[in-house]
Amino acid sequence: MSATIAIVGRPNVGKSTLFNRLVGKKLALVDDQPGVTRDRREGDASLGHLSFTVIDTAGLEEADKDSLAARMRAQTETAIGQADVVLFMIDARLGLTPMDHTFAELVRRSGKPVILLANKAEGNKGKDGVFESYSLGLGDPVPFSAEHGEGTADLLEALAPYI
Ligand code: GDP
Ligand code: MG
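We now turn to the structure provided with this report. (Residues numbered from 1 in each chain as written. Chains lettered and ligands numbered in written order. Predicted model: local features only at pLDDT ≥ 70, side-chain atom pairs only at ≥ 80, totals over all residues.)

1. Some words on the sheet that holds strand β4 (residues 85–91)
Under the convention used in this document: Think of it this way: DSSP has to see at least two bridges between two strands before they count as a pair. Strands here are runs of E lasting at least two residues and helices are runs of H or I lasting at least four, both read from the DSSP assignment and numbered beginning at the N terminus. Contact criterion: two residues are in contact if their C-beta atoms, reconstructed from the backbone, are within 7 Å. Orientation is described by lines fitted to C-alpha atoms, with helices fitted over the stretch in contact, and by angles between N-to-C directions that extend from 0 to 180 degrees.
The six strands lie next to each other as β2-β3-β1-β4-β5-β6, forming an open sheet whose pairing is mixed. Since the sheet does not close on itself, it has two edges, and those belong to β2 (41–47) and β6 (142–143), each with one partner. Of the pairings in the sheet, the one linking β4 to strand β5 (residues 114–119) comprises six bridges and is parallel in character. Across the sheet, the residue bridging to L87 is I115, located in β5. Against the sheet, helix α1 (residues 15–23) touches β1 (4–8), β2, β3 (50–56) and β4, its axis set at about 55° to β2. Each of β2, β3, β4, β5 and β6 touches helix α5 (residues 152–159); the most contacted strand, β2, lies at about 100° to it.

2. With respect to the pairing of β5
Put simply, the rule reads: Working definition of burial: number of other C-beta atoms within 10 Å of the residue's own, with buried at 20 or more, exposed at 12 or fewer, and partly exposed in between, all C-beta atoms being placed from the backbone. Looking down the strands as they point away from the viewer, one classifies a crossover as right-handed if the path from the first strand across the helix to the second runs clockwise.
By the criterion of burial, β5 is predominantly enclosed, with six of the six residues buried. What you see with β5 is no split at all: V114, L116 and A118 on one side and I115, L117 and N119 on the other are buried throughout. In the classification by handedness, the crossover that spans β4, the intervening helix α3 (residues 98–110) and the parallel β5 is right-handed. Bridge analysis of β5 against β6 gives two bridges, and the strand direction is parallel. Paired with L117 across the bridge in β6 is V142. As a crossover connection, the stretch from β5 through helix α4 (residues 127–132) into β6 is right-handed.

3. Let's talk about the environment of V85
Position of V85 among the secondary structure elements: in strand β4. Along the primary structure V85 and Y162 are separated by 77 residues, whereas in three dimensions their C-alpha atoms are 6.8 Å apart. Residues within four places of V85 in sequence aside, it is in contact with I5, K112, P113, I115, L159 and Y162.

4. Considering the nonpolar core
We count it as follows: By definition, a nonpolar core groups buried Ala, Val, Leu, Ile, Met, Phe, Trp, Tyr and Cys residues that are joined through C-beta atoms within 7 Å.
If you look at the biggest cluster of nonpolar residues, it comprises 37 residues, and the most contacted ones within it are V8, F88 and L117. Elements supplying a minimum of two residues to this core: β1, α1, β3, α2 (65–82), β4, α3, β5 and α5. Not counting the four nearest positions on each side in its chain, L117 is found in contact with L87, F88, M89, V142, F144 and L155.

5. Some thoughts on the site of ligand 1
Note the following rule: For each residue, a C-beta atom is placed from the backbone, and the residue counts as near a molecule or strand when that atom lies within 6 Å of it. In this classification, Asp, Glu, Lys and Arg are treated as charged, Ala, Val, Leu, Ile, Met, Phe, Trp, Tyr, Cys and Pro as nonpolar, and every other residue, Gly included, as polar.
Close to ligand 1 lie 19 residues, the nearest being G14, K15, S16, T17 and E147. Broken down by element, the shell around ligand 1 gets its largest block of residues, three residues, from α1. The residue inventory of the shell around ligand 1, partitioned by class, reads five nonpolar, eight polar and six charged.

Given below as structure tokens:
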């Protein structure tokens, strides 16, 4: 059985962009607007010589804020529970938001191995956000760009022990 990785983080950090890159297909909907219907997606992925199963999370479905938060949380917790390793993603350009801390807490509590991806850091952008993300206590961030594929070698190196 192949290892499972879950891509976790608040909406709009770039999870589905990475998911699509890893599975090599446009299985996940990427949208500028947080709030469109997005399902949990699972796919067979490969990166370099590694093969694994990847889960994309999101689940923003309705305008009802309370049930929305609860569903996002439940979906994320389920995905973390199924994962051998969690990719926790932040937006390095925007920096940390309260929601990043909420999601990070879910990951921390799970006790699962986690790789911190500081996304949208192409061309050395988002340096402040990369630095700030150390404060999450999830280990050293990997500067990354899901859109441009930068940081892939470092991600590969971080993932290898778990696959
Ligand atoms: P999700 O809600 O976490 O799944 O985020 P999406 O994958 O839907 O991406 C949200 C937005 O961020 C989209 O406009 C993407 O094109 C953009 N995005 C994703 N990855 C990157 C990246 O590496 N760099 C930049 N600049 N934008 C990105
Ligand atoms: Mg998404």
